[in-house]
2 protein chains.
Amino acid sequence: MSLVIVGTVAFDAIETPFGKTDKIVGGAATFSGLSATYLYDDVKLVSVVGEDFGDNLNIITAKGIDVDGIEIVEGGKTFFWSGKYHNDLNSRDTLSTDLNVLADFDPKIPKSYQDCEYLLLGNLTPQIQIATLERLQNKPKLVVLDTMNYWMNVALDDLKKVLQRVDVLTINDEEARQLSGEYSLVKASEKILAMGPKYLIIKKGEHGALLFGEGQIFSAPALPLADVFDPTGAGDTFAGGFIGYMAKVKSINFNNMKNAIIYGSAMASFCVERFGTERMLDLTQDEITVRLQQFVALSKFDIAE
Amino acid sequence: MSLVIVGTVAFDAIETPFGKTDKIVGGAATFSGLSATYLYDDVKLVSVVGEDFGDNLNIITAKGIDVDGIEIVEGGKTFFWSGKYHNDLNSRDTLSTDLNVLADFDPKIPKSYQDCEYLLLGNLTPQIQIATLERLQNKPKLVVLDTMNYWMNVALDDLKKVLQRVDVLTINDEEARQLSGEYSLVKASEKILAMGPKYLIIKKGEHGALLFGEGQIFSAPALPLADVFDPTGAGDTFAGGFIGYMAKVKSINFNNMKNAIIYGSAMASFCVERFGTERMLDLTQDEITVRLQQFVALSKFDIAE
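Residues numbered from 1 in each chain as written. Chains lettered and ligands numbered in written order. Predicted model: local features only at pLDDT ≥ 70, side-chain atom pairs only at ≥ 80, totals over all residues.

Draft legend 1. Main features of the overall build of chain A. Regarding its fold elements, chain A presents 10 helices and 14 strands. Each principal axis of the C-alpha distribution contributes one length, and for chain A these read about 60 × 45 × 35 Å. Expressed as a percentage of the 305 residues in chain A, the buried residues total 50%. Long-range pairs, those at least 24 residues apart, make up 66% of the contacts in chain A between residues at least 6 apart in sequence. (Helix = DSSP H or I, 4+ residues; strand = E, 2+ residues; numbered from the N terminus. Buried ≥ 20, exposed ≤ 12 C-beta atoms within 10 Å, placed from the backbone. Contact = placed C-beta atoms within 7 Å.)

Right under this line is the structure:
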């Protein structure tokens, strides 16, 4: 039974106060997929790249990820993003966004992907997200949706249709306020859960994340870091770790999702230690275990239940 | 052995999206003192009010707080602050600040206060904070300092002298960045702890708080609230709950401080439910116990240590 991730596979060129890269492999599906492999062994990607992507697919397949669902457009160019982070690494300027083959992306679901039980719909047009759901013969056990303010601005009706068909929505706090029209995140969560998802994850970057669902709230800390080298892909790495953990434990409930958020946060904390996907290629299970312990130590206190 | 709190006792006039008050009793020492009484029974205030404060002192003494250290200036007027909160209740405009008797405040320490073991130096000029320390014959077991960006701008040298003489500093994240010149809160904490305090609490409002010290970090959640009625005094209520808990448990260490932060956060979550000090006057221990359980539920997850 597989975990399918739909999203971008891209080239990124990144500048941070610590240095600068040429075109390196990026994209939401790449980050999410790499992250998920540390938790689950049947990870499959759906995406599109240009012919120029070439051997770069090896970075992904080397971690055992199935790329049969990645369309390679002959003569096409891969989606390219370049950006420059400010000194605080908390904000950035996009220098260029060349959609290239992504402009006409129509997700292909190989027959071998029809065993999908866990589906991560990465941040893409709501139309692509709906098309994916319609091309899967069976409704997956868990559908996680990532989206952003841009789609709320230009495709809200379609986004609302997707929301009716997903189990978990992940957005940031500003997006939760925009989508709901409520400043209080408690009130925002009530309105958003009424739109369809059973669970809502509000990502707050350096302030951690909140999980709402089953009438409960969970507040996950972020690990305070001395150095953030490159934040690119941290949110996608979080989502990949989250759904990877859910696929691993199989049982869909609030308690497991709390742990899944901690696993996702731990994976994201590695991602930012190096440029692009670099750190996500050579993690060991021991490193992950130590990092998880840091999250336990960070948030534990001794008031009796 | 007493808990002494030095700070403002004031009149506030507050406007929020939910309503508006005439002059009501406020001030940092008032909020901190009321909060501390729920955890410790020997709480003493040092402050100054004008003759116009009159019977309002009864609000404070009714909770068993010692007010011998509150100077009443004959013919003087009490410090007055008025402000209007924006719709998000996260920002506000100060409409007026009339220092009145606070302009010449010189803290008087009654002889009966010389048993002070726990000292909270509320947000005031560093000169007043130093004068208080010098007028105590014995160094208290625990000195907690609250300050703000204003004193970093206009009295940094004096502030640095106070920092050398305190155990715990509480400031917000922007102030920690300003004081240290570091964006990363981990690096900021290292620089600030090198200035004198053994522990640093970084208050992040709706994002909770961080505690640094003994080479450890603790991340405390804030309780997500559907309605914040009036945020005035929340930070002071937090500080009062924090030091009240420390006075109660007596042993100064990182683990106790983690709990103290949760107690402080719980007290602050009550404070914002009504205008001014209203909610802090009629809390029950049962209500506090239930609220503490909400903090446990909010942050607990099941990854083994």
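Draft legend 2. Fine view of unusual backbone geometry. Despite not being glycine, A:Glu214 shows a phi value in the positive range, around 55°. With respect to the helices and strands, A:Glu214 occurs in the loop between β13 (209-213) and β14 (216-220). Despite not being glycine, B:Asn100 has its phi angle at roughly 50°, a positive value. In this fold, B:Asn100 is placed in the loop between β8 (92-98) and β9 (116-121).

Draft legend 3. Structural detail: the relation of the copies chain B and chain A. Least-squares fitting of chain B to chain A yields an RMSD of 0.0 Å, with the superposition described by an axial translation of 0.0 Å and a rotation of 180°. Considering both components of the superposition, the chain copies are consistent with a two-fold axis. Across chain B, the smallest distance between a C-alpha and the rotation axis is recorded for B:His207, namely 3.0 Å. Comparing interface residues between copies, 100% of those in chain B also sit at the interface in chain A, which points to an isologous, same-surface contact. (Least-squares fit on C-alpha atoms with pLDDT ≥ 70 in both.)

Draft legend 4. Just the interface of chain B and chain A, in detail. Contact with chain B, which involves 30 residues of that partner, is made by 30 residues of chain A. Taken together, the elements giving at least two residues each to the side of chain B that touches chain A come down to α7 (185-193), β14 (216-220), α9 (254-271) and α10 (285-299) of chain B. Its residues assigned to classes, the side of chain B that touches chain A shows 16 nonpolar, 7 polar and 7 charged. (Nonpolar A, V, L, I, M, F, W, Y, C, P; charged D, E, K, R; others polar.)

Draft legend 5. Molecular detail of the sheet that holds strand β10 (residues 142-146) of chain B. All names here are of chain B. With mixed pairing, 9 strands are arranged side by side in an open sheet as β6-β5-β1-β9-β10-β11-β12-β13-β14. One side of each edge strand has no neighbouring strand; the edge strands of this open sheet are β6 (66-73) and β14. Between one strand and the next, the sheet's axes are offset by a mean angle of 15°, whatever the strand orientation. Strand direction decides the pairing type here: strand β13 (residues 209-213) and β14, joined by 5 bridges, are antiparallel. Each bridged residue has a counterpart across the sheet, and for leucine 210 the counterpart in β14 is serine 219. (Pairing = 2+ DSSP bridges. Axes fitted to C-alpha atoms, helices over the stretch in contact; angles between N-to-C directions.)

Draft legend 6. Highlighting the sheet that holds strand β1 (residues 2-6) of chain A. Residue and element names in this part refer to chain A. Spatially, the 9 strands line up as an open sheet ordered β6-β5-β1-β9-β10-β11-β12-β13-β14, and their pairing is mixed. The two strands at the open ends of the sheet, each matched to only one other strand, are β6 (66-73) and β14. The mean angle between the axes of side-by-side strands here comes to 15°, regardless of whether they run parallel or antiparallel. Pairing of strand β12 (residues 199-203) with β13 involves 5 bridges; the strand directions are antiparallel. Opposite leucine 200, over in β13, you have phenylalanine 212 as the bridge partner.

Draft legend 7. Quick look at α7(B). Residues and elements named next belong to chain B. If you check which residues of α7 are buried, you get Leu185, Ala188, Ser189 and Ile192. Axial view of α7: buried residues confined to an arc of 100°, hence all on one face. Turning to α7, the residues buried within the fold contact β11 (168-172), α6 (173-180), β12 (199-203) and β13. (Arc of directions from axis to C-beta.)

Draft legend 8. Highlighting α6(B). All names here are of chain B. Within α6, the full set of buried residues consists of Glu175, Ala176, Leu179 and Ser180. Looking straight down α6, one finds its buried side chains confined to an arc of 120°; they lie on one side. In this structure, the buried residues of α6 make contact with α4 (149-154), β11, α7 and β12. Following α6 by one or two positions, glycine 181 adopts a phi angle in the positive range, close to 70°.

Draft legend 9. Structural context of the packing of helix α1 (residues 28-37) of chain B against helix α8 (residues 234-249) of chain B. Residue and element names in this part refer to chain B. Remark: α1 packs on α8, axes separated minimally by 7 Å, with the N-to-C direction vectors making an angle of 40°. Accordingly, the angle class assigned to the pair α1 and α8 is oblique. The handedness of the crossing between α1 and α8 is right-handed. Only Asp236, Thr237, Ala239, Gly240, Gly241, Ile243 and Gly244 of α8 make contact with α1, whose side of the interface consists of Ala28, Phe31, Ser32, Gly33, Leu34, Ser35 and Ala36. The residue inventory of the contact of α1 with α8, partitioned by class, reads 6 nonpolar, 7 polar and 1 charged. (Parallel < 35°, antiparallel > 145°, perpendicular 65-115°, else oblique. Left-handed = near helix turned anticlockwise from the far one by under 90°.)

Draft legend 10. Structural view of the pairing of strand β8 (residues 92-98) of chain A. Residues and elements named next belong to chain A. Counting buried positions over the 7 residues of β8 gives 0, only a small fraction of the element. In the sheet, strand β7 (residues 80-85) pairs with β8 via 6 bridges, with the strands oriented antiparallel. Bridge pairing in β8 links tryptophan 81 to threonine 97. Here β7 hands over to β8 after 6 residues, with leucine 89 in that stretch at a positive phi of 60°.

Draft legend 11. Region of the structure containing the environment of B:Val46. Residues and elements named next belong to chain B. Looking at the secondary structure, you find valine 46 in strand β5 (residues 43-50). The class of valine 46 is buried, set by 30 C-beta atoms lying within 10 Å. C-alpha separation for the pair valine 46 and serine 32, spaced 14 residues apart in sequence, amounts to 12 Å. Residues contacting valine 46, with those up to four places away along its chain left out, are Val4, Val6, Gly69, Pro107, Ile109 and Thr132.

Draft legend 12. Here's a closer look at the environment of B:Ala155. Residues and elements named next belong to chain B. If you trace the backbone, alanine 155 turns up in the loop between α4 and α5 (156-163). You can call alanine 155 partly exposed: it has 16 C-beta atoms within 10 Å. In the structure, alanine 155 is positioned 117 residues away from valine 272 in sequence and 31 Å away in space, judged by C-alpha atoms. Those residues in contact with alanine 155 that sit more than four places away from it in its chain are Thr125 and Pro126.

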